[in-house]
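Per-entry structural report
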Amino acid sequence: MKQFSKILMLAIVMLTGITNVFAQEDDAGKKLKSIQVAFMARNLKLTPEEADRFWPVYNNYRNEMDQLVADKERDKSIDVKSTHSADADAVARNNMDKDLSYDKRFLDIKTKYTAEFQRVLPASKASAVFNSEKEFRRIMIKHLQNSQKINRMNNQQLRPRH
């Protein structure tokens, strides 16, 4: 548990410098991925042999999920441009169909990789992969919210009072 706390503290310290994500997007993304890898390895308690089998499969999973998110974002930007000329009901129906298609692809990917994770890990560890991801996201979101709150408080203190 102490090692987990150290990893978490390291993650928080490293993420403290990620407030200007847009200026340093590549470095921040690499740091975040390395922190996530350490977090998940610790959470899943991977042996070296399991890690050798797991990470290539997990990276493929992440690539497919990242592509799905990129496709959805691209479709949204195209939809915004085309909504001005189309019938509102037709646009709404089209958006619902696209959302359902996105959700289906999401579940298809998750189903595929549930089986893949079970192929390379014991079931007890494979079942923890998605929960470990959720926990990591929850911690990072909480950290970012706290950082934003601190930044707002600092900005308020720096404003001149009249």
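Bear in mind the structure is a predicted one, so any value in this text is a computation, not a measurement.

1. Quick word on the overall build of the chain
Each helix and strand counted, the chain has 6 helices and 0 strands in total. Moving toward the C terminus, one meets the helices and strands of the chain in the order α-α-α-α-α-α. Counting every position in the chain, which comprises 162 residues, the buried fraction comes to 25%. Here the contacts in the chain between residues at least 6 apart in sequence split such that 73% fall between residues at least 24 apart. Total accessible area on the chain is roughly 11,700 Å²; 56% of this is exposed by carbon and sulfur atoms.

2. As for helix α6 (residues 129-158)
In a regular helix each residue adds 1.5 Å, so 30 residues correspond to 44 Å; α6 covers 43 Å between its end C-alpha atoms and thus fits that length. Regarding α6, the residues found buried are V129, F130, S132, E133, F136, I139, M140, H143 and S147.

3. Details of helix α4 (residues 88-120)
For α4, spanning 33 residues, the distance from its first C-alpha to its last is 48 Å, which sits close to the expected 48 Å at 1.5 Å a residue. Regarding α4, the residues found buried are V91, Y102, I109, Y113, F117 and V120.

4. Quick look at the nonpolar core
Ranked by size, the top nonpolar core spans 25 residues in total, and within it M40, F54, Y58, Y61, F117 and V129 carry the most contacts. Elements with a minimum of two residues in this core: α2 (25-44), α3 (48-82), α4 and α6. Here this core takes 8 residues from α3, the largest share from any one element. Setting aside anything within four residues of it in sequence, one finds Y61 in contact with I109, Y113, F117, F130 and E133.

5. Concerning the packing of aromatic side chains
Here the structure, examined in full by the defined rule, presents 12 aromatic pairs. Chaining the aromatic ring pairs together yields one cluster made of F54, W55, Y58, Y61, Y113, F117 and F130. Lying across the ring of Y102, K72 places its NZ or CZ 4.0 Å from the centre. Of note, K110 hangs over the ring of F130, and the distance from its end group to the ring centre comes to 4.8 Å.

6. Here's the deal with the confidence of the model for the chain
Considering every residue of the chain, the mean pLDDT works out to 82; 77% of them sit at 70 or more. Averaged pLDDT values for the elements of the chain fall to 52 in helix α1 (residues 2-16) and rise to 95 in helix α5 (residues 123-126). Below pLDDT 50 for its whole length, residues 15-23 participates in 8 contacts with residues either more than four positions away or in separate chains.

7. Some thoughts on the side chain of Q36
Among the secondary structure elements, Q36 is positioned in helix α2. In this structure Q36 comes out as buried when scored by relative accessible area, which is 17%.

8. What about the environment of N95?
Tracing the backbone shows N95 in helix α4. Along the chain, N95 and D75 lie 20 residues apart, while their C-alpha atoms are 9.5 Å from each other.

9. Examining unusual backbone geometry
For K45, which is not glycine, the phi dihedral falls at a positive 55 degrees. Note that K45 resides in the loop between α2 and α3.

10. Focus on the environment of S124
Structurally, S124 is set in helix α5. With 80 residues separating them along the chain, S124 and L44 place their C-alpha atoms 9.0 Å apart.

11. Examining the pattern of salt bridges
If you walk through the whole model with that rule in mind, you get 10 salt bridges. Its salt-bridge partner being K125, residue E50 comes within 2.6 Å of it at the nearest N-O pair. With E50 in helix α3 and K125 in helix α5, this residue pair connects regions lying 75 residues apart in the sequence. The class of K125 is buried, set by a relative accessible area of 17%. Notably, a salt bridge pairs D71 with R74, separated by 3.2 Å at the nearest N-O pair. Placement of both D71 and R74 in helix α3 is noted, with a separation of 3 residues, approximately one turn of the helix. On the basis of relative accessible area, R74 is assigned to the partly exposed category, the value being 44%. In the salt-bridge network here, residues are joined through shared partners; they are D71, R74, D75 and R105.

Cut-offs applied
- Residues numbered from 1 in each chain as written.
- Predicted model: local features only at pLDDT ≥ 70, side-chain atom pairs only at ≥ 80, totals over all residues.
- Heavy atoms only, no water.
- Helix = DSSP H or I, 4+ residues; strand = E, 2+ residues; numbered from the N terminus.
- Buried < 20%, exposed > 50% of the residue type's maximum accessible area, 1.4 Å probe, protein only.
- Contact = heavy atoms within 4.5 Å.
- Areas by Shrake-Rupley, 256 points an atom, 1.4 Å probe, with all protein chains shown as cover.
- Expected span 1.5 Å × (residues − 1).
- Core = buried A, V, L, I, M, F, W, Y, C linked by side-chain atoms within 4.5 Å.
- Phe/Tyr/Trp six-rings, centres within 6.5 Å; stacked < 30°, edge-to-face > 60°.
- Lys NZ or Arg CZ within 6 Å of the ring centre and 35° of its normal.
- pLDDT = per-residue confidence, 0-100.
- Salt bridge = Lys/Arg side-chain N within 4 Å of Asp/Glu carboxyl O.

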